[in-house]
Amino acid sequence: MDDLVLNWDLGTGGLLILAVAAIAGLLVMIMALRMHAFLALLITSLLTAVIAGVPANRLLEAIGFGFNSTLGNVMLLVGLGAMLGRMIEASGGAQVLAEKMIDLFGERRAGMALSVASLLMGFPIFFDAGLVVMMPIIYAVARRTGASFLSIAFPSAVAFSAMHIFSPPHPGPVAASNIMGADVGLVLLVGLVFALIIWAAVAPLAGKIFGDRIVVPVPSILDSNSEETGFESRPSVPAIISMLLLPLVLILLNTGLNTLAATKDDPDAFKALPVVQVLRVLGETPIALLITVLVSMVVLGWGAGKSGTLIEKIQDSALGPICSVVVVTGAGGMFGGVLRLTGIGDAVAGSLNSLGMPVIVAAFLIAQIVRIAQGSATVALTTAASLMTAVVAAGDFNALQVVAIVMAMSAGSVGVAHVNDSGFWLVSRFFGLSMKQTLASWTLIQTAMAVVGFALSLVLFGIASLV
């Protein structure tokens, strides 16, 4: 879509008005007219593209730009994650693990223990994939403790999000580091520290505040039905933990090989080795999840004496309930993609870049504005990095200052998550929240993470200036 030429130039002001009007119209359709989110996002995306000047013969291509890529990624990760989750839940494994966690940590600490586990899983696993895999455990712990569902769910979501935004090997910080010429190893160390601090500062408060304010039942999206009762086998805790750790280990293998390649004189030659190629493929997130699903079929299915027909029923029943999640999330990516094609993010970011404000402040604001404008945290981060790279190259910044700037952009890319962000809809659907409730909770949580991240970036930049 890089060759798309709009029929007219609305200018930065016109694009900004269009984006605000599009978001306002979407809110009216969903909240006032009670229209289904998928239809509202589709209509808004089409109207926005038409008003922005997308040629009629490329209209479907324009709305498919964000929808196809988002749907492809989400469908693989959520579909496989849901199958794994249903296998664990229907076998009784989620309940067994929840009971063990409560025995070890007590009912009051079980939710935070689950959040710590999410933090560890979130290091190599993408936000959406990790959250889907962890959901049956979150549901089981919430039911077992009787605590507010959001007090259990939000701390885990914050853990996955913090790792995804600030720490390599996730795509945003890796891409920004490469564009800015930052030391990826140093970004990894600092990113992990930032993620831990932000999680510790935001996760407990998010669970407490919104767990008390917003009371929703534990969603039944991954629950077993009467046809699946014969699948229960009460697997051992080590078996369940092993299945949760398997994708983690496989993805870490991919990450380790990529890191090792960076230390070689010829990284491409190392990556071209057949054994390295095979091991890296096994560590790709969809492949790692697929392997784990197959292992769950052996351990929880055939190994427990269950028939192939029953296993197939369990897996098939996992896909129906998550169709709405996948389609709405894809539509959220579609809306963000249309806004991206209008050029609003680049236009506003370019204007901010020319104001001459401090580099680290400009880096944060550009990423934040692009995030608000088009939704994708990764795109916001890479856009900000592309715009700031010349400024940073022209300045006399040491390695730690460059890392602080990357962290500031990472912080900007996470704030103010709203209706044009596919992750917003993923949280909304899996947590059983309305759009209004998600705006009143998850949007504020992500904004708090951005504020804390930017404050830490300023501190780091100041310390680095003294070195």
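(A) Inspection of the overall build of the protein at higher detail. The secondary structure content of the protein amounts to 20 helices and zero strands. Against the compact-globule benchmark of 23 Å for 467 residues, the protein has a radius of gyration of 22 Å, which places it among compact chains. With the C-alpha coordinates of the protein rotated into their principal frame, the extents come out at 65 × 55 × 50 Å. The buried share among the 467 residues of the protein stands at 54%. Intrachain contacts of the protein at a sequence separation of at least 6 include 83% that bridge at least 24 residues. Counting every atom, the protein has about 18500 Å² of accessible surface; 67% of that belongs to carbon and sulfur.

(B) Seen up close, the environment of Leu15. Within the element layout of this structure, Leu15 appears in helix H1 (residues 11–32). Given the relative accessible area of 8%, Leu15 is considered buried. Once the C-alpha coordinates of Leu15 and Ile51 are considered, the two residues, 36 residues apart in sequence, prove to be 9.8 Å apart.

(C) Representation of the side chain of Ser91. Its location among the elements puts Ser91 in the loop between helix H3 (59–90) and helix H4 (93–105). Judged by relative accessible area, which is 0%, Ser91 ranks as buried. Once you skip the residues sitting within four places of it in the chain, Ser91 turns out to touch Phe231, Glu232, Ser233, Arg234, Pro235 and Leu300.

(D) The arrangement of helix H8 (residues 171–180) in detail. Within H8 the residues assigned to the buried category are Gly172, Pro173, Ala176, Ser177 and Met180. The arc that holds every buried residue of H8, seen down its axis, measures 125°, which confines them to one face. Downstream of H8 by a residue or two, Gly181 has a phi angle that is positive, lying close to 75°.

(E) Highlighting empty space enclosed by the protein. Following the criterion strictly, the structure yields one cavity of 30 Å³ or more and no others. When its volume is computed, the largest cavity comes out at roughly 40 Å³. Every residue along the wall of the largest cavity is listed here: His164, Ile165, Pro171, Gly172, Pro173, Ala377, Thr378, Leu381 and Ser413. Among the secondary structure elements, those contributing two or more residues to the lining of the largest cavity are helix H7 (149–166), H8 and helix H17 (377–394).

(F) Just a nonpolar patch on the surface, in detail. A surface patch of nonpolar side chains, about 420 Å² in accessible area, is lined by Leu39, Ile43, Leu47, Val50 and Ile51. Structurally, Leu39 is set in helix H2 (residues 37–52). With relative accessibility at 43%, the residue Leu39 sits in the partly exposed group.

(G) View of the packing of helix H19 (residues 422–430) against helix H20 (residues 435–466). Interhelical geometry of H19 versus H20 gives an angle of 115° and a closest axis separation of 10 Å. It follows from the interaxial angle that H19 and H20 lie roughly perpendicular. Here H19 runs over H20; the crossing is right-handed. For the pair H19 and H20, the contacting residues are Phe424, Trp425, Val427 and Ser428 in the first and Met435, Thr438, Leu439, Trp442 and Thr443 in the second. For the contact of H19 with H20, a count of residues per class yields six nonpolar, three polar and no charged.

(H) Looking closely at the environment of Phe123. Among the secondary structure elements, Phe123 is positioned in the loop between helix H5 (107–121) and helix H6 (127–145). Residues Phe123 and Val406, spaced 283 residues apart in sequence, show a C-alpha to C-alpha distance of 18 Å. The residues contacting Phe123, other than those within four sequence positions of it, are Met163, Ser167, Pro168, Pro169, His170, Leu188, Leu192 and Leu252.

(I) How the structure looks around the pattern of salt bridges. One pass over the full model with this rule turns up four salt bridges. A salt bridge links Arg58 to Glu61; the nearest nitrogen and oxygen atoms lie 2.9 Å apart. Take Glu61: its relative accessible area is 38%, and that puts it in the partly exposed class. Its salt-bridge partner being Glu99, residue Arg234 comes within 3.0 Å of it at the nearest N-O pair. Highlighted residues: Arg234 in the loop between helix H9 (184–213) and helix H10 (237–262) and Glu99 in helix H4, separated in sequence by 135 residues. Taking relative accessible area as the criterion, Glu99 reaches 24% and is therefore assigned partly exposed.

(J) Up close: the packing of aromatic side chains. Under the criterion given, the structure shown has 10 aromatic pairs. With a centroid separation of 5.8 Å and 85° between ring planes, the pair formed by Phe149 and Phe431 is classed as edge-to-face. Note that Phe149 is positioned in helix H7 and Phe431 in the loop between H19 and H20, a separation of 282 residues in sequence. Residue Phe431 is classed as buried on the basis of its relative accessible area of 0%.

(K) The side chain of Thr145, seen in detail. Inspection of the secondary structure assignment puts Thr145 in helix H6. In terms of polar contacts, Thr145 uses its side chain to reach the backbone carbonyl oxygen of Ala142, at 3.4 Å.

(L) Here's a closer look at the nonpolar core. Ile137, Phe149, Phe154, Met409, Phe430 and Phe431 are the most contacted members of the largest nonpolar core, which totals 149 residues. Tallying contributions element by element places H3 first for this core, with 15 residues. Residue contacts for Phe154: discarding those within four places in its chain leaves Ala206, Phe210, Val427, Phe431, Leu433, Ser441, Trp442 and Ile445.

(M) How the structure looks around the packing of helix H16 (residues 359–374) against helix H18 (residues 399–414). Between H16 and H18, the least distance of the axes is 7 Å, while the angle of their chain directions is 25°. Relative to H18, the element H16 is oriented roughly parallel. H16 and H18 meet at a crossing whose hand is right-handed. Contacts from Val359, Ile360, Ala363, Phe364, Ala367, Gln368 and Arg371 of H16 reach H18 at Ala404, Ile405, Ala408, Met409, Ala411, Gly412, Ser413 and Val414. Tallied by class, residues from the contact of H16 with H18 come to 11 nonpolar, three polar and one charged.

(N) Expanded view of unusual backbone geometry. A positive phi angle is found at Arg34, which is not glycine, with a value near 55°. Secondary-structure assignment places Arg34 in the loop between H1 and H2. When its relative accessible area of 70% is taken as the criterion, Arg34 is described as exposed. In the Ramachandran plot, Val416 falls in the positive-phi region, its phi being about 55° despite a non-glycine side chain. Examined against the element boundaries, Val416 turns out to sit in the loop between H18 and H19. Look at Val416 and you get partly exposed, because its relative accessible area is 26%.

The rules behind the values
- Residues numbered from 1 in each chain as written.
- Predicted model: local features only at pLDDT ≥ 70, side-chain atom pairs only at ≥ 80, totals over all residues.
- Heavy atoms only, no water.
- Helix = DSSP H or I, 4+ residues; strand = E, 2+ residues; numbered from the N terminus.
- Rg over C-alpha atoms; globule rule 2.2 N^0.38 Å.
- Buried < 20%, exposed > 50% of the residue type's maximum accessible area, 1.4 Å probe, protein only.
- Contact = heavy atoms within 4.5 Å.
- Areas by Shrake-Rupley, 256 points an atom, 1.4 Å probe, with all protein chains shown as cover.
- Arc of directions from axis to C-beta.
- 1 Å grid on protein atoms, 1.4 Å probe; cavity = no way out; pocket = protein on both sides within 12 Å on 5 of 7 lines; lining within 4 Å.
- Points joined across faces, edges and corners; volume = space filled by probe spheres on them.
- Patch = residues over 30% accessible without salt bridge, like charges linked within 9 Å, V, L, I, M, F, W, Y side chains within 5 Å.
- Salt bridge = Lys/Arg side-chain N within 4 Å of Asp/Glu carboxyl O.
- Axes fitted to C-alpha atoms, helices over the stretch in contact; angles between N-to-C directions.
- Parallel < 35°, antiparallel > 145°, perpendicular 65-115°, else oblique.
- Left-handed = near helix turned anticlockwise from the far one by under 90°.
- Nonpolar A, V, L, I, M, F, W, Y, C, P; charged D, E, K, R; others polar.
- Phe/Tyr/Trp six-rings, centres within 6.5 Å; stacked < 30°, edge-to-face > 60°.
- Polar contact = N/O pair within 3.5 Å; in protein donor to acceptor, adjacent residues only side chain to side chain.
- Core = buried A, V, L, I, M, F, W, Y, C linked by side-chain atoms within 4.5 Å.

The values reported here are purely geometric and, on their own, carry no functional implication.
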